[in-house]
Amino acid sequence: MSGTIYTPQEISKGSAHVTSKLNKKFDRTDFMIKNMKYNSAYKNHLLQNKLEDGDFLILKDFKERYSEYRKKWKSQPVEAFKNLGKNITEKSFFETVKPLCIDIETAAICDLACPHCYREYLITPDKIMNEKLFKKIIDEISAIKIPSIKLNWRGEPLLNPKIYDFISYSKKMGILEVSINTNATQLNLSNSSKLLDSGIDLVIFSFDGGTNSTYEKMRPGRFKKNTFENVYQNIKKFCELKKKRKQIFPITKIQMVLTENSRDEVDEFYELFGGLINDITVTQYQERGGKIDDLKKNQKDRLNKYIYKNNLDQNVPYMVSPDDKIFVSTSRIPCEQLFQRLMITYSGKVGMCCHDWGAKHTVGYIDEKGFDEIEDIKKVKKNIVNKNKGFTLLKDAKLPEELNKPEKKVQNIIDIWKNEELKKVRQIHKEKKVSQLKVCENCTFKETYNWKSID
């Protein structure tokens with residue numbers, strides 16, 4: 001195929017929607033608003049309250065709330081950093097600046113051992129979240145009207161057998177947008193049906209490679225062989241079942257990480273999923289310990305020539321767009337995630353950013369089980385040392401550092417959002433002293449850098 005078109009994603013620098021001349025870029029916000037009447041949070045609201053919406057005023061309210069959430073995703077961090085430290089009362093500041101999304105780690109366990117994943121280099125518990133803790137979190141989220149949740153972080157959410165009930169409960173509690181990222185290894189027909197029944201709004205598939213060889217190199221199984229064909233068929237049959245059932249939701253999205261090998265496979269990737277998936281995307285490789293080549297030879301040569309000519313540090317952060325434009329960082333900027341979201345591990349430990357794997361810089365606890373997550377980590381370490389099945393590919397994983405040790409007390413979501421731990425981090429970012437924070441110093445999140453084209 002020729003004529004692949006790249007359009008930058010609004011939410012992830014250096015990544016892009018992949019389309020062709022025959023298909024325009026998918027607009028998630030527009031789609032959600034146009035189809036809000038099919039959103040199960042809206043339908044459940046009418047059913048639970050025995051309401052009719054003949055004049056569509058309730059539907060209008062749901063649409064406006066969703067539109068505001070998507071606008072705030074970019075605008076809220078900018079305004080919040082601008083107003084931080086000004087003569088505004090804390091109560092007034094946090095009346096408008098609330099979390100937009102909570103990432104809930106329903107499963108820390110994963111059945112793959114991808115070489116570009118932190119799991120290979122930072123020991124991660126093979127655990128799942130229990131129903132009691134999950135419902136406690138959702139009840140809080142619902143009460144303060146946080147619009148969005150993502151039900152994964154370090155692991156594969158479909159490995160939690162309660163995930164379908166978790167999604168349904170979240171939608172019944174009025175969460176506007178519920179999403180998951182999945183590797184689709186567990187997405188057989190039975191699980192596909194349960195996922196479609198759950199009311200989920202967005203399913204994001206991770207599929208690294210446009211060919212069998214690249215995919216299986218990038219996504220090896222931990223406990224058994226993982227194959228290109230099996231996962232491709234799982235995704236294809238899920239999409240076909242959704243179409244057969246004439247369902248509007250969930251939105252489907254698929255993403256491929258750009259590496260030296262996969263950069264030449266974007267056409268093949270598009271051919272695999274064009275016509276099946278709503279939104280086909282490619283994303284930047286982020287160094288997490290694997291030291292995988294993410295550039296082709298000619299790109300390396302261009303970058304090295306520029307670095308030498310301009311007397312730059314050899315380790316200067318760089319980014320190569322899908323359409324072959326090279327950028328280098330000129331400076332750091334405050335991280336928008338500090339005013340967008342919170343991350344909650346399976347045990348109730350809370351982190352401030354999805355790039356801080358397992359909340360090494362812990363900012364609070366929503367459950368006392370989070371106090372002792374290190375004990376679960378030590379069990380994995382023992383399995384690695386003993387070379388037990390499922391742990392041999394994790395041989396290079398080390399114990400994660402504890403970069404921040406807040407007081408061991410249980411708080412609710414809003415109290416953590418406003419607490420001193422996050423205040424300190426936000427102030428450091430506002431002052432552009434990011435290097436003072438070890439967790440942020442070498443972060444690979446592209447949004448925390450200013451970029452300059454070398455071309």
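On a predicted model such as this, the values are computed, not experimentally measured, just so you know.

Chemist: Just to check I follow, could you spell out the nonpolar core for this structure?
Modeler: Nonpolar side chains in soluble globular proteins tend to end up buried together. With 79 residues, the main nonpolar core has Ile 104, Ile 141, Phe 207, Ile 235 and Phe 273 as its most contacted residues. Element by element, the count of residues in this core is highest for helix H9 (residues 228-244), at seven residues. Those residues in contact with Ile 104, other than ones at most four positions away along the chain, are Met 129, Phe 134, Ile 137, Ile 138, Ile 141, Ile 149, Lys 150, Leu 151, Asn 152 and Ile 344. In terms of nonpolar packing, the next biggest core, distinct from the first, is built from 19 residues, Phe 31, Tyr 42, Trp 73 and Leu 176 among them.

Chemist: Just to check I follow, could you spell out the packing of aromatic side chains for this structure?
Modeler: The tally for this structure, following the rule as stated, stands at 21 aromatic pairs. Between Tyr 66 and Tyr 69, the aromatic rings sit 5.4 Å apart at their centres with planes inclined by 75°, giving edge-to-face as the arrangement. Separated by three residues within a single helix, Tyr 66 and Tyr 69 lie in helix H3 (residues 57-83), roughly one turn from each other. Under the relative-accessibility criterion, Tyr 66 is labelled buried at 0%. The buried category is assigned to Tyr 69, whose relative accessible area is 4%. Seen from their ring centres, Tyr 69 and Trp 73 are 6.3 Å apart, and the 85° between their planes marks the pair as edge-to-face. In this pair, Tyr 69 and Trp 73 both sit in helix H3, four residues apart, roughly one turn of the helix. Across the pair, exposure class does not vary: Tyr 69 and Trp 73 are buried alike. Feature note: the residues Phe 207, Tyr 215, Phe 228, Tyr 232, Phe 269 and Phe 273 constitute an aromatic cluster, connected by ring pairs. Directly above the ring of Trp 417 sits Arg 426, whose terminal nitrogen or CZ lies 4.6 Å from the centroid.

Chemist: Sorry, what's going on with the sheet that holds strand S14 (residues 449-453) here?
Modeler: The strands that make up a sheet are held in pairs by hydrogen bonds between backbone atoms, and each pair lies either parallel or antiparallel. Taken together, the three strands give an open sheet; going across it, the order is S9-S10-S14, and neighbouring strands pair in antiparallel fashion. Since the sheet does not close on itself, it has two edges, and those belong to strand S9 (318-320) and S14, each with one partner. Across the sheet, the mean angle separating the axes of adjacent strands is 35° when strand polarity is ignored. Where strand S10 (residues 326-332) and S14 come together, five bridges link them in antiparallel fashion. Across the sheet, Phe 327 pairs through a bridge with Ser 453, a residue of S14.

Chemist: Would you explain unusual backbone geometry in this entry?
Modeler: Outside of glycine, negative phi angles account for most residues, and trans bonds account for most peptide bonds. A cis amide bond, omega 10°, links Phe 249 with the succeeding residue Pro 250. Its location among the elements puts Pro 250 in the loop between H9 and strand S7 (251-258). With a phi angle near 60°, Lys 145 is a residue other than glycine that sits in the positive phi range. Unusually for a residue other than glycine, Lys 387 sits at a positive phi of about 55°. Along the chain, the position of Lys 387 falls in the loop between helix H12 (373-385) and helix H13 (413-417). On the basis of relative accessible area, Lys 387 is assigned to the exposed category, the value being 65%.

Chemist: Hey, could you run me through the environment of Phe 327 in this one?
Modeler: With respect to the helices and strands, Phe 327 occurs in strand S10. Expressed as a C-alpha distance, the spacing of Phe 327 and Phe 93, which sit 234 residues apart in the sequence, is 36 Å. In contact with Phe 327, other than residues within four places in its own chain, are Pro 317, Tyr 318, Met 319, Ser 321, Trp 451, Lys 452 and Ser 453.

Chemist: Any chance you could explain the packing of helix H5 (residues 131-143) against helix H6 (residues 163-172) here in plain terms?
Modeler: Two elements in contact, H5 and H6, have axes separated by 10 Å at closest approach and are oriented at 20°. In terms of orientation, H5 and H6 fall into the roughly parallel class. Considering the relative orientation of H5 and H6, their crossing is right-handed. Residues Glu 131, Phe 134, Lys 135, Ile 138 and Asp 139 of H5 lie in contact with H6, whose contacting residues are Phe 166, Tyr 169 and Ser 170. Of the residues that constitute the contact of H5 with H6, the class distribution is four nonpolar, one polar and three charged.

Chemist: Please explain the sheet that holds strand S11 (residues 341-344) as it appears in this structure.
Modeler: An order of S1-S2-S8-S7-S6-S5-S4-S3-S11-S12-S13 is seen for the 11 strands of this open sheet, with the pairing classed as mixed. At either margin of the open sheet sits one strand with a lone partner, and together these are strand S1 (5-8) and strand S13 (364-365). Sheet topology places strand S12 (residues 349-351) next to S13; two bridges connect them, and they run antiparallel. In the strand pairing of S13, Lys 349 is matched with Tyr 365.

Chemist: How should the pattern of salt bridges be read in this particular structure?
Modeler: Side-chain pairs of opposite charge can arise where the charged atoms are in close proximity. By the definition in use, this model includes 33 salt bridges. Taking the shortest distance from any N to any O, the salt bridge between Arg 302 and Asp 324 comes out at 3.0 Å. Taken together, the positions of Arg 302 in helix H11 (residues 297-309) and Asp 324 in the loop between S9 and S10 put the pair 22 residues apart, joining distant regions of the chain. A relative accessible area of 29% means that Asp 324 is categorised as partly exposed. Measuring nitrogen to oxygen at the nearest pair gives 3.3 Å for the salt bridge that ties Lys 433 to Glu 431. One network of salt bridges, with partners in common, ties together Glu 105, Arg 154, Lys 349 and Glu 373.

The rules behind these values
Residues numbered from 1 in each chain as written. Predicted model: local features only at pLDDT ≥ 70, side-chain atom pairs only at ≥ 80, totals over all residues. Heavy atoms only, no water. Core = buried A, V, L, I, M, F, W, Y, C linked by side-chain atoms within 4.5 Å. Buried < 20%, exposed > 50% of the residue type's maximum accessible area, 1.4 Å probe, protein only. Helix = DSSP H or I, 4+ residues; strand = E, 2+ residues; numbered from the N terminus. Contact = heavy atoms within 4.5 Å. Phe/Tyr/Trp six-rings, centres within 6.5 Å; stacked < 30°, edge-to-face > 60°. Lys NZ or Arg CZ within 6 Å of the ring centre and 35° of its normal. Pairing = 2+ DSSP bridges. Axes fitted to C-alpha atoms, helices over the stretch in contact; angles between N-to-C directions. Parallel < 35°, antiparallel > 145°, perpendicular 65-115°, else oblique. Left-handed = near helix turned anticlockwise from the far one by under 90°. Nonpolar A, V, L, I, M, F, W, Y, C, P; charged D, E, K, R; others polar. Salt bridge = Lys/Arg side-chain N within 4 Å of Asp/Glu carboxyl O.

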